[in-house]
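# A structural walkthrough
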Amino acid sequence: MEAAGARTRAAARRRDRRLRPPPTLKEQRDPQPGVRLPQRRTEEDQEEAVFREVVSFTPDPLPVRYYDKDTTKPISFYLSSLEELLAWTPDVEDSFNVALGPPECRQPPLSSRRPRTLMCHDMMGGYLDDKFIQGSAAQSPYSFYHWQYIDIFVYFSHHTVTIPPVGWTNAAHRHGVCVLGTFITEWKEGERLCEAFLAGDERSYRAVAHQLVLIAQFFRFDGWLINIENSLSLAAVGNVPHFLRYLTTQLHQQVPRGLVLWYDSVVSSGQLTWQDELNEQNRVFFDSCDGFFTNYNWREEHLERMLGQAGERLADVYVGVDVFARGNVVGGRFDTDKSLELIRKHGFSVALFAPGWVYECLEKGDFFQNQDKFWGLLERYLPTHSICSLPFVTSFCLGMGTRRVCYGQEEAVGPWYHLSAQEIQPLFGEHRLQGDGRGWVKMHCCLADAWNGGSSLVIRGLIPPEVGNVAVRLFSLQVPVPPKIFLSMVYKLEGPSAVGVALELTTGDAGSCHVGGISALSAETSSRRSPRPLRVPPTKLAKWVGRCGQQLSGGWVQRCYEVNLRGCLLQALFVNFSRPPGSQEEENFICRLGEIQVVDASSLLSPLPQVQAVTVSQVRWQPAASEGESGAAGLRLSCTLHWGYLLPHVRCFRIHCCRGSGGDSPCRGPSEPEGPTLLGLAFVNRYRIVDLAVAAAEPGRDGRVEFLVEPIPKEGFLVPRAEWGRAAMLYSTPRT
């Protein structure tokens, strides 16, 4: 960090009593290498770096591409020209935009011959509130949560190279959905661009393909929709199949399960003539890549003709459906099911273009109801996919809310929107008992209350007198079950209902599947139920069972179970509602689910990785807007934190701060009686702090602010503060 022309840094370290794997260079990615001078600390066995800074109001400018020019918040970005594409190389600033990992394992795999469902997200030019990588305070943002129906998500805009905002990639990948960016050329400028890279020799189009592959590989999304919507010269159109084949081959080598799709626009003569079908005029492009996305003005006779053209690749033809119903189309809007009925009748995949229609064109206050209605009408035509890996943990958070809650404790009030924070969503819908239909269960998301995050899942239902219980499937799974698993459910009943609430599992391989026993877990029994004799349960195990069987704040209840299995395949998770003993009347109930967890017991025996080498860089100081801003604050501080951590182990990071003065840690003193202040969430090893209010340093006395990085493991529990990473900044006024 630069501090009024001089840089000084000191670090205090502790010995670590726990063996831990060192981070790789890729995970470490420290943009500010420098010398650290070891100092002794006597309090706790904890590593802390201390950075010194002289306040200056003349910061080095940040690159506009990566940071919002008004706030310096990190943003997702696009490339506007061929020159920008060819000039792009990975930079440390790009790491904010890197997704947490590849798509989670799913069944059936995308490579199966089952017809697929593609969602093409095109909304008001793109890069709206979703561009803010660390979230925003948007009050009524668009949210998508019917992921179990979707196989492919395309982020679409009219910029030349549309790189999907990382929040969308993280949310989709968490549900096993692959994500594509868009490479588009249009109008006269598009003709000039295509002539530049397609009309020459192979070096030109290979250079473009190489860059597209490198971008997808670096940012960890899964491929491209290629959309050439301008006429091409004969020389240029002759090279398009070569470009597509090279791009597809290279992507498959570098990006597991990568995809390249072609949009129905240009034909083999080079003319821009939308065909609304796969035919002899565009078949050469289909043969050169992974799939074909048709234009929208088709009729059933187009589908019938395509059966012969597609051959065994029916699932690789994505029949376009414009949900806005523009032009001469079948269905659209709330009649989109009419389109899907015909498409599925002929065995094709579907490409739903701009289903955000329910947000753009209908009342914002009714968005959730309209979105559930839209996808509910399509449900019968949308086969679901199953999750097939553990741990399986979700708090049903939509990645938005009107307040932030952490395990039942309210942390902040006010609207927030953070797509990367969206957790695995269930199979929404309404289900009725067979027969007279009096028994029913309906699920919907709700922002009014939450256990962890910003929302929860509300299940309403009625148990008729003639049945003892009703059950609803929450998740479809295909998980080979380890010998011992722990399950947990956090819930609460609303109103006077006394119905019983329980988790139910279904397993496959019935001939070989053996259930050895199911028993309840509680905080008091955890050490006796660990897989091997231990005097003290490992930290992860002790933390996981710490709330089991207890009444929690806000009326929440947590139930935990230990299940011993052998040779089983976990296929579904249900929640069952049973009438109370002695009841013979109709039983109405409202149940709010806050969290579901399925965890391999052995994973809780491994040691916790630790956050390492927290650094502070890219510091910007500004005077407070007015005297007394945020209490006694006189300055606003912006800076970037970076740390090392093994990302495959983490669900997210929670970033905190404590403010004080002098050499003592404010996080351990009376100046922060309520504990550290939550600043936000990170999903990479970097976080940009923006306009943090701090007190001006007094003459001859340092101001101090301490930053803490709290890792949240995939198994879903709070890590002891001793395992957090931390760095402190001591700042002073310039000497006169």
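Residues numbered from 1 in each chain as written. Predicted model: local features only at pLDDT ≥ 70, side-chain atom pairs only at ≥ 80, totals over all residues. Heavy atoms only, no water.

### Quick look at the sheet that holds strand β28 (residues 612-623)
Operational definition: Should DSSP find at least two bridges between two strands, the strands are taken to pair. Runs of E in the DSSP output that reach at least two residues are strands. Runs of H or I that reach at least four are helices, and both are numbered from the N terminus. Fitted lines through C-alpha atoms give the axes, limited to the stretch in contact for helices. The angle between two N-to-C directions lies from 0 to 180 degrees.
The sheet built from 3 strands is open, its strands ordered β28-β29-β32 with antiparallel pairing. With partners counted over all chains shown, the strands left at the sheet margins are β28 and β32 (686-694), one partner each. Between one strand axis and the next, the sheet turns by 20 degrees as a mean value, whatever way the strands run. Sheet topology places β28 next to strand β29 (residues 635-644); 8 bridges connect them, and they run antiparallel. Counted as the bridge partner of W621 is L637 from β29.

### Concerning the state of the cysteines
Two cysteines joined by a covalent bond between their sulfur atoms form a disulfide. Spelled out, the test is: The rule for a disulfide is simple: a pair of cysteine sulfur atoms within 2.5 Å. Any residue under 20% of the maximum accessible area for its type is buried, any over 50% is exposed, and the rest in between are partly exposed; the area is computed with a 1.4 Å probe on protein chains only.
One pass over the full model with this rule turns up 1 disulfide. Sulfur-sulfur distance for the disulfide between C105 and C388 comes to 1.9 Å. Between C105 and C388 the disulfide shows an S-S torsion of about -100 degrees. By sign, it is left-handed. Separated by 283 residues along the polypeptide, C105 in the loop between α2 (82-87) and β4 (106-107) and C388 in the loop between β14 (386-387) and β15 (392-394) bring together distant segments of the chain. Using a relative accessible area of 38% as the deciding quantity, one classes C105 as partly exposed. The exposure class assigned to C388 is buried, which follows from its relative accessible area of 10%.

### Some words on the packing of aromatic side chains
Keep this limit in mind: Pairing of aromatic rings covers Phe, Tyr and Trp, the last through its six-membered ring, and needs centres within 6.5 Å; plane angles under 30 degrees mean stacked, over 60 mean edge-to-face, and all others mean tilted.
All told, the structure shown has 40 aromatic pairs when counted by the stated rule. Ring geometry for F396 against F475: centres 6.1 Å apart, planes inclined by 20 degrees, an arrangement best described as stacked. One end of the pair, F396, is in the loop between β15 and β16 (400-406); the other, F475, is in strand β21 (residues 469-480), with 79 residues separating them in the sequence. F475 carries the same exposure label as F396, and that label is buried. Centroid distance F577 to F589: 4.3 Å. Interplanar angle 25 degrees. Geometry classified as stacked. Separated by 12 residues along the polypeptide, F577 in strand β26 (residues 569-578) and F589 in strand β27 (residues 587-600) bring together distant segments of the chain. For F577, a relative accessible area of 0% puts it in the buried group. Given the relative accessible area of 2%, F589 is considered buried.

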